[in-house]
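# Architecture and fold: a report
Chain residues, written in single-letter form:
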Amino acid sequence: MTTYDEIVRDRDATYIYNEDGRLMSPAKKYRNFPLFWVNFFMNWDCTRKCPDCWATTEMRNKIGLKCNNPDMFKVNRMDDKTFNRMLTFLSDLYHTHNWGYSAYVFLGGEPLIEYDRIVKLAEYNKKNNMKNIWIALQSNFDLIDDIDFTKLNTPTLVDFNVNTLPIEEIDRRCRILKEFNFIYDIELHMTCFEENFDRIPAITEYAIKNGFRTVVYRNQFKGNDQKYKEYYKKVLHNYFDVIERLKKECYFINVRKNLFDSYFATPTNIGLFHICGRRHLNIYPDGELGGGCVRAIETRIGYNIESQLKDVLEGIKMYDFLHALKSDNTHHECKTCPVRFTCHGGCPYDKMLTYGKNTSENKNPWCEVYKEIFPRLLKLLEGKNDMCIR
């Protein structure tokens, strides 16, 4: 079985960037991992109105008022002038600062509403010799029958939000996506809303039997809701029941493809935490820029796509979002906790949402969930190479 010491040693090796953003040893091991995540919010429109989603007008109004900036989301969709300027801005960043591997993550709103622009951006990258950039589409794919996927033809990760869709329709859309060889992986994203509590095990089984990743997200706004946490733990136990049963039935279980929460950094994971607070760049419909965290859509660094590049790169260093045990904002108990190597103190933004700030005074609000669920994840590992974590 994988030992704590082995996992802790591996965790120490995963801090692959120093404070200046330069690759540290063992850089060769992680040479294909993106140096930057550019998160695109080109519009706030969507084909659905999921509960507690930032894309809804109501939720964005609440966030704007909370930040004393009610006009923060006044621009609903990026205009053509801003989009064209954004293309040259990204090219300048890429060629001036040698980004290396980068991820372009399209969110919103529903990103496929902007599909023609996504294609144009991918073509612009190729034309301007911007290599090693892959795309992530975080979409519900409601528009899958209305667009021509052959136009994209660039390495693409699909993050398929399957909330409320019947499995038959999930399967139909996945079959369409699998036809395109440039789509190198498909994740089925399930958010733990009340409407989904009973659906998650069946969708998980479908995903494993068809070779897809699964991600079960918590409702990020429920950090103070003890009743919800108990439901969430129950859902996750049901989730692992399915995985363990299918493993006994000799289905191939690669934990890389079955990750119950992508904000839960797992043991041998190079994960998300080492770029949080340093390597996220958010671009909003009005051309304003944010950083720190892909979920923190209220962040603004005080610069836009017309600003000096050096100012932008300095502005996205938002260390309140640093997801690491070494952060000054990590609770003192976290540094000796038996699951510290997987939680790393928890997502800082969770603490901001729940307590209003990220300080060392509070532990992550989801701590009790992690401590209860993690042993089941560790049991799945059992030292086997094919059970490695994403």
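Here the structure is a predicted model, which is why all the values come from computation and not from measurement.

### Topic: the overall build of the chain
For the chain, the count of helices and strands is 11 helices and 9 strands. Put simply, of all contacts in the chain between residues at least 6 apart along the chain, 72% involve residues at least 24 apart. Accessible area of the chain: about 17200 Å², with a carbon and sulfur share of 48%.

### Brief notes about empty space enclosed by the protein
Evaluation of the coordinates by the stated rule reveals 4 cavities of 30 Å³ or more. As for the largest cavity, its lining consists of L322, H323, A324, S327, N329, T330, H344, G345, G346, P348, K351 and N358. Across the lining of the largest cavity, the residue classes break down as 3 nonpolar, 8 polar and 1 charged.

### Some points on the pairing of strand 8 (residues 280-283)
Regular strands show a simple pattern: their side chains alternate between the two faces of the sheet. Neither face of strand 8 is left uncovered, since the one carrying H280 and N282 and the one carrying L281 and I283 both have all their residues buried. In the sheet, strand 1 (residues 36-40) pairs with strand 8 via 4 bridges, with the strands oriented parallel. Its bridge partner lying in strand 8, N39 is registered against N282. Strand direction decides the pairing type here: strand 8 and strand 9 (residues 289-291), joined by 3 bridges, are antiparallel. Residue pairing for strand 9: L281 is matched across the bridge by G291.

### Notes on the pairing of strand 2 (residues 102-106)
The buried fraction of strand 2 amounts to 5 of the 5 residues, a majority that puts the element mostly inside the structure. What you see with strand 2 is no split at all: S102, Y104 and F106 on one side and A103 and V105 on the other are buried throughout. In the sheet, strand 1 pairs with strand 2 via 5 bridges, with the strands oriented parallel. Across the sheet, V38 pairs through a bridge with Y104, a residue of strand 2. Across 5 bridges, strand 2 lies against strand 3 (residues 133-139) in parallel orientation. Within the sheet, the bridge partner assigned to S102 lies in strand 3 and is I133.

### Brief notes about the confidence of the model for the chain
Summary statistics for the chain give a mean pLDDT of 81 and a share of 82% for residues scoring 70 or more. Per-residue pLDDT, averaged within each element of the chain, yields its smallest value for helix 1 (residues 4-13) (36) and its largest for helix 5 (residues 167-178) (96). For residues 1-33, every residue scores under 50 in pLDDT, and the model assigns this stretch 67 contacts once sequence neighbours within four places are set aside.

### Concerning the nonpolar core
Core analysis: the biggest nonpolar cluster contains 90 residues, and F40, M86, Y104 and L188 have the highest contact counts within it. Of the residues forming this core, the biggest block, 9 residues, is contributed by helix 7 (residues 226-248). Apart from residues no more than four positions distant in its own chain, L188 is found in contact with F160, V162, I170, C174, I203, Y206, A207, F212, R213, T214 and V215. W44, W54, M59 and L107 belong to the second largest nonpolar core, which has 19 residues in total.

### Considering the packing of helix 5 against helix 6 (residues 200-210)
Two packed helices can be described by the angle between their axes and the distance between those axes. Interaxial distance between helix 5 and helix 6 falls to 11 Å at its minimum, and their mutual angle equals 30°. Comparing their axes, helix 6 and helix 5 come out roughly parallel. The handedness of the crossing between helix 5 and helix 6 is right-handed. On the side of helix 5, the interface is formed by I167, I170, D171, C174 and K178, while helix 6 contributes A202, I203, Y206 and N210. In terms of residue class, the contact of helix 5 with helix 6 is built from 6 nonpolar, 1 polar and 2 charged.

### Structural notes on the side chain of T299
When you line up the elements, T299 lands in the loop between strand 9 and helix 8 (309-315). Residue class for T299 comes out buried when judged on its relative accessible area of 8%. One polar contact links the side chain of T299 to the main-chain carbonyl oxygen of A296, over a distance of 2.9 Å. Apart from the residues lying within four places of it in its own chain, the contact partners of T299 are N282, Y284, L289, G290, G291, M318 and F321.

### Some words on helix 2 (residues 57-66)
Restricting attention to buried positions, one finds in helix 2 the residues M59, R60, I63 and G64. Angular distribution of buried residues about the axis of helix 2 spans 135°; they occupy a single face of the element. Among the exposed residues of helix 2, those pointing more than 90 degrees away from its buried face are E58, L65 and K66.

### Focus on the packing of aromatic side chains
In this structure the tally under the stated criterion is 21 aromatic pairs. With centroids separated by 6.5 Å and ring planes inclined at 25°, the aromatic side chains of W44 and Y284 adopt a geometry described as stacked. Residue W44 is located in the loop between strand 1 and helix 2, and its partner Y284 is located in the loop between strand 8 and strand 9; the two are separated by 240 residues in the primary sequence. No difference in accessibility class separates W44 from Y284, as the two residues are buried.

Scoring rules and cut-offs
Residues numbered from 1 in each chain as written. Predicted model: local features only at pLDDT ≥ 70, side-chain atom pairs only at ≥ 80, totals over all residues. Heavy atoms only, no water. Helix = DSSP H or I, 4+ residues; strand = E, 2+ residues; numbered from the N terminus. Contact = heavy atoms within 4.5 Å. Areas by Shrake-Rupley, 256 points an atom, 1.4 Å probe, with all protein chains shown as cover. 1 Å grid on protein atoms, 1.4 Å probe; cavity = no way out; pocket = protein on both sides within 12 Å on 5 of 7 lines; lining within 4 Å. Points joined across faces, edges and corners; volume = space filled by probe spheres on them. Nonpolar A, V, L, I, M, F, W, Y, C, P; charged D, E, K, R; others polar. Buried < 20%, exposed > 50% of the residue type's maximum accessible area, 1.4 Å probe, protein only. Pairing = 2+ DSSP bridges. pLDDT = per-residue confidence, 0-100. Core = buried A, V, L, I, M, F, W, Y, C linked by side-chain atoms within 4.5 Å. Axes fitted to C-alpha atoms, helices over the stretch in contact; angles between N-to-C directions. Parallel < 35°, antiparallel > 145°, perpendicular 65-115°, else oblique. Left-handed = near helix turned anticlockwise from the far one by under 90°. Polar contact = N/O pair within 3.5 Å; in protein donor to acceptor, adjacent residues only side chain to side chain. Arc of directions from axis to C-beta. Phe/Tyr/Trp six-rings, centres within 6.5 Å; stacked < 30°, edge-to-face > 60°.

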